[in-house]
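Given next are the chains, with one letter for each unit.
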Amino acid sequence: MKPTHAVTLFAVSVFVLVAFWFPFAGTPGSVSYGDDAIEQVVVSSSGNETPRVSFSETIAPILKRNCSQCHGEGKQEAGLRFDELDPAMSSDQDVSVWSSVRDALNAHQMPPPEETRQPSEQERQQIVAWIDASFERVAQRRRANRSSSMRRLTVAEYEHTLQELFGAKVPFATNLPAAPLSEYGYSRDADLLGVSALELEYFLAIARQSVDDYVIFAGHIPDSEHYLIEFEDVEYRPGVAGGYSVDEPLTEQELLEKRRARDVGPAIYSDRTLFPLPDGPLDLSSEELNRSDRQKFHQQFARFKSHQLHKAGELVARVYVAAKLGDDGSAPRLRFRIGDTLGMEFAEPIPGECDVTASPEKPQVCTFRIPFRHIPTGTTEDEEDEEDEEDEETTLTLSVSNASHDPDAIFDVVPEGYNYAPGKSGLMSRYRKTLADSIVSKAAMRKAGVNELYLDAIEIDLVPFGLDMHARLWRIDAQRANLNAGADARTVAEESLQAFMQRAYRRSISPAELGSMMSLYDQFRSEGDSFEDALKETFSTVLISDPFLYVAAPIPLEQHQSISEEERRQLASRLSYFLWSGPPDDRLLELASQNRLSDPGTLATEVSRMLGDRRARRFSERFAREWLRLDKYGLVAINPEFYPHYDEDLGQDMVSEAITTFQEIFHGARDARELIASETVYVNQRLARHYGLPPVTGGKLQAVAVPDYRTRGGLLHQGAILTMTADGAESNPIYRGVWIMERLLNDPPPPPPPSVPALDASSADVGPLTLKQKIELHRQQSACAACHAKIDPWGLALEHFDAIGAWREAALVINPDTAARSFSPVDSSTVLPSGEEIEGSSDLVSYLVGQRQDEFTRGLTWHMMTYALARAPNLGDESELESIHRYFRTSGYKLPSLVLAIVQSESFQAVPVSTARDKADSLQTKNAPTATLIGERQ
């Protein structure tokens, strides 16, 4: 039982504030240089002369004469006003604006050619040279003040850290609110990752539950429970709550006998085979179809009773199944779920699906795992009586289903599951009708040649946490602590706490840090807590302290002598959270403790080792998802009237395709330019059908060679990219053009002027036009012309792909007056901003790879650097960015080489921000709510 007396979270928070007070300069991820203006800058010219140019005396007058008409007090085109620009370039925003000014001057785009007042070529060069010299001065300042960014763990990193700390693959952070993405789309941005009062409450609740579940004190660990359910034996019992027969746990002897019986003869399958789901949204129009506890053609339920589900642990299910392939070669896809008594709420296991291709003569086994804590049981924790946990019973419903899709499949209820007791005539009548309908529907699906899933049996093991003696578990020697009237309790607590803190902090800990936590333990004991309760609460406090929650949290100066230089720099943690999205392993920690990790040869070896580890796929998935802005996919509502075969499963397949493409190129050390032009696509049987490719078997994505990669290979031809850059009903060349400029070329266009109205597609003048004609009309507005001339052509080249990424030769046009529908031939020809004439996406791909590969690979370098540093690169990083890109190019654009160059850079390896106590204090700045939040230990 937890202590009943109240202890405020305020006390714990103040302790954390005092014990881990890490002052630092400025906000994480930013640098402040003051607001003094740059008056004199050296401008290089021909010869050896280096005359000094004054901004106020030379540059400002030129800008006033030539630019103030459009960018001055009376008028601010694009929101730009030169007389308010900071010539000292103190912020990243200032640098960005001055960079745009320089680029426009170099390209002779500003002032616009039609303006009569123009600067002379000498004046134009003077401004550009002044900007370049100012940039160099700012860059020097930033390099001199370079430091790594202290930031809180992201939600994904936090979850992975707890999983590895406790040795439990549990979704710890399910209820933790995610931080917003940065303006560039990244979750690791240091400026956005602090700890609010609400978040601290979540962190403390998760910490306490985790410690309670996964720190084992001496005591009895219950045995595992075992089940073997033969699907042909699953009965529906009329008049019984829940309906289905309930299986009880088997003894070891009973399980052995059932296994022996199964080995004697051939597999015996259930009379019910499971059919696929239809394409498109499911018909939930009737009450019967909408009820999740009513079996449909694609699913089968079974029930069993557990006595251990309330404990921490894991359910392991092994399902024996076979397949009848469809006439088109399609295979069923097994989906397993587990839920509450009535089957109204289900939890998803890991993994959740499995392709089934085995013949009935030799069934295959699909294995699924799910933590106990995340299985819905129909009761809340508040309703549970902890005193009676040992006597609890929980009846659960499992669901196995065929999650594959087929356009000829039928979604409907089956008679199994109805109460057809003879005494209830209404139910009996409904059962008979459903039985008759199901016979007709099954015959129709079999005639159409859809696949079928055969069910043999399922084995289930409920394994309480702590039975694996070889796993990394926190076992506390409570028996020793209770000897000699508890005299050894403090020693046991100190030994346990030291080991726990070192693993949680991901580095060596100083005596002062351990002493501070032991003081808190002593305080809890003095207030009446038992040994177990006091140590659990102290462990929980460790999990809300800065060294645990933050990456690169500065270490107080007085603690440096007991911690190695590389541990102070926390290079091991920054490396692992970059490449594994999780904590460092023992090898990284050992190298850091010996100051060996920063050696270039050692670091290269470790990067190669880490990228070969399965955990590196966390990084490649997260980076691909954020670089491509796949978070926006879920914001698009697909119109079912236009796309009746689209559903969420297809959408998830599209997103997985984009991520898998990046991962295969990354982990295969292939040329990054294949992201744009590739002869291989990664599709499953449904995506292949959607794209019009030759059939493939199974729901798992697989590599497929395409005859003409320019019409389907590469990111630009993938459903996820094309769908999220449309509006759910029609393609959108503007959205697609902006995406290409932002994500592939790293040249985002400015936001549209607020005063420009959107195109009214419903007007009589616009409605009958094709989409290309509408966009050309929109571009005729003077305020829109300049930007859209740079944006639209990129998207127009993709017009042969509709709003969900399927190829089309004609586009739908709806007359706004008559609602009449017609089809207009697609025209994807366009002229790019460079003047290049192209005919569709094939030419666009060739152009990007042939003539814009430098911009693409530089942009990819910039985005990877942004992700790695947890901030956008600034002027102080420009020289390193150039060196990194040069190394990337020399490697043949191999992405692992790009990663190595980044982690070997000074920007990545920079020492955490200053820890001098006369600077700003980190916790008072970042965790201000911590010291005022009041809570209770229940």
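Right above here is the structure, for reference.
Not measured: the values here are computed from a predicted model. (Residues numbered from 1 in each chain as written. Predicted model: local features only at pLDDT ≥ 70, side-chain atom pairs only at ≥ 80, totals over all residues. Heavy atoms only, no water.)

## Regarding the packing of helix α27 (residues 853-869) against helix α29 (residues 895-903)
- Orientation of α27 relative to α29, taken along the N-to-C sense of each, is 50°, at an axis distance of 11 Å. On the basis of the axis angle, α27 is oblique to α29. Of the two elements, α27 crosses α29, and the hand of that crossing is right-handed. On α29, the residues touching Leu 860, Thr 861, Met 864, Met 865 and Ala 868 of α27 are Leu 895, Leu 898, Val 899 and Ile 902.
- Looking at the contact of α27 with α29 residue by residue, the classes come out as eight nonpolar, one polar and no charged. (Axes fitted to C-alpha atoms, helices over the stretch in contact; angles between N-to-C directions. Helix = DSSP H or I, 4+ residues; strand = E, 2+ residues; numbered from the N terminus. Parallel < 35°, antiparallel > 145°, perpendicular 65-115°, else oblique. Left-handed = near helix turned anticlockwise from the far one by under 90°. Contact = heavy atoms within 4.5 Å. Nonpolar A, V, L, I, M, F, W, Y, C, P; charged D, E, K, R; others polar.)

## Description of the state of the cysteines
- Taken as a whole and assessed by the stated rule, the structure comprises one disulfide.
- Between the sulfur atoms of Cys 354 and its disulfide mate Cys 366 the distance is 2.2 Å. Taking the sign of the S-S torsion, -55° for the link of Cys 354 and Cys 366, the bridge is left-handed. In this pair, Cys 354 sits in strand β11 (residues 353-355) while Cys 366 sits in strand β12 (residues 364-371), placing the two residues 12 residues apart along the sequence.
- Overall, the relative accessible area of 1% leaves Cys 366 in the buried class.
- Between Cys 67, a free cysteine, and Cys 70, which holds the nearest cysteine sulfur, the sulfur-to-sulfur gap is 8.5 Å.
- A relative accessible area of 8% means that Cys 67 is categorised as buried. (Disulfide = S-S within 2.5 Å. Buried < 20%, exposed > 50% of the residue type's maximum accessible area, 1.4 Å probe, protein only.)

## Some words on the environment of Ser 510
- Relative to the helices and strands, Ser 510 is located in the loop between α11 (489-505) and α12 (511-526).
- Taking relative accessible area as the criterion, Ser 510 reaches 3% and is therefore assigned buried.
- For Ser 510 and Ile 555, which are 45 residues apart along the polypeptide, the C-alpha to C-alpha distance reads 9.8 Å.

## Points about unusual backbone geometry
- One non-glycine residue, Arg 629, lies in positive phi territory at about 60°.
- What makes Arg 629 buried here is its relative accessible area of 12%.
- Of note in this structure, Asn 746 is not a glycine but carries a positive phi near 55°.
- By secondary structure assignment, the location of Asn 746 is in the loop between α23 (733-744) and α24 (771-779).
- The class for Asn 746 is partly exposed, based on a relative accessible area of 26%.

## Things to note about the packing of aromatic side chains
- Summed over all chains, the structure comprises 35 aromatic pairs.
- Consider the rings of Phe 217 and Phe 531, whose centres lie 6.2 Å apart with planes at 85°: the pair is edge-to-face. With Phe 217 in strand β4 (residues 215-217) and Phe 531 in helix α13 (residues 531-542), this residue pair connects regions lying 314 residues apart in the sequence.
- On the accessibility criterion, Phe 217 (10% relative accessible area) is buried.
- Among the aromatic residues, those joined into a ring-pair cluster are Tyr 186, Phe 578, Phe 619, Phe 623, Trp 627, Phe 662, Phe 666, Tyr 867 and Phe 908.
- Its guanidinium or amino end placed over the ring of Tyr 867, Arg 188 lies 4.6 Å from that ring's centre, counting from NZ or CZ.
- It is Arg 262 that lies over the ring of Tyr 320; its NZ or CZ is 4.8 Å from the centre. (Phe/Tyr/Trp six-rings, centres within 6.5 Å; stacked < 30°, edge-to-face > 60°. Lys NZ or Arg CZ within 6 Å of the ring centre and 35° of its normal.)

## Some details on the pairing of strand β14 (residues 452-464)
- Most of β14 sits out of view: 12 of its 13 residues are buried.
- In the sheet, strand β5 (residues 225-230) pairs with β14 via six bridges, with the strands oriented antiparallel. The residue of β14 that forms the bridge with Tyr 227 is Ile 460.
- Taken together, the 12 bridges between strand β8 (residues 313-324) and β14 define a ladder with antiparallel strand orientation. Of the residues in β14, the one forming a bridge with Tyr 320 is Ala 457. (Pairing = 2+ DSSP bridges.)

## Quick word on the sheet that holds β8
- The antiparallel open sheet is built from four strands, whose spatial order is β5-β14-β8-β12. Of all strands in the sheet, those with a lone pairing partner are β5 and β12, marking the two edges. Between one strand and the next, the sheet's axes are offset by a mean angle of 15°, whatever the strand orientation.
- Alignment of β8 against β12, held across eight bridges, turns out to be antiparallel. Looking at the pairing, Ala 317 lines up with Phe 368 of β12.

## Considering the side chain of Glu 123
- Relative to the assigned elements, Glu 123 resides in helix α4 (residues 121-144).
- Among the polar contacts made by the side chain of Glu 123, one reaches the main-chain amide nitrogen of Ser 120 at a distance of 3.0 Å.
- Among all residues touching Glu 123, those that are not within four sequence positions of it are Ile 62, Arg 65 and Asn 66. (Polar contact = N/O pair within 3.5 Å; in protein donor to acceptor, adjacent residues only side chain to side chain.)

## Quick notes on α11
- The terminal C-alpha atoms of α11, which comprises 17 residues, lie 24 Å apart, in line with the 24 Å expected from a rise of 1.5 Å per residue.
- Those residues of α11 not exposed but buried are Ala 489, Val 492, Ala 493, Ser 496, Leu 497, Phe 500, Met 501, Ala 504 and Tyr 505. The buried residues of α11 occupy one face: seen down the axis, they fall within an arc of 160°.
- Residue Arg 506 follows α11 closely and has a positive phi angle near 65°. (Expected span 1.5 Å × (residues − 1). Arc of directions from axis to C-beta.)

## Quick word on the nonpolar core
- Phe 578, Leu 579, Trp 627, Leu 844 and Val 899 are the most contacted members of the largest nonpolar core, which has 94 residues in total.
- If you count residues domain by domain, this core takes at least three from each of domain 4 (629-851) and domain 5 (853-937).
- Ignoring sequence-local partners within four residues, the contact set of Val 899 consists of Phe 578, Leu 579, Val 607, Leu 611, Phe 619, Phe 666 and Met 864.
- Val 170, Val 542, Ile 544 and Tyr 550 belong to the second largest nonpolar core, which has 57 residues in total. (Core = buried A, V, L, I, M, F, W, Y, C linked by side-chain atoms within 4.5 Å. Domains from an automatic or database assignment.)

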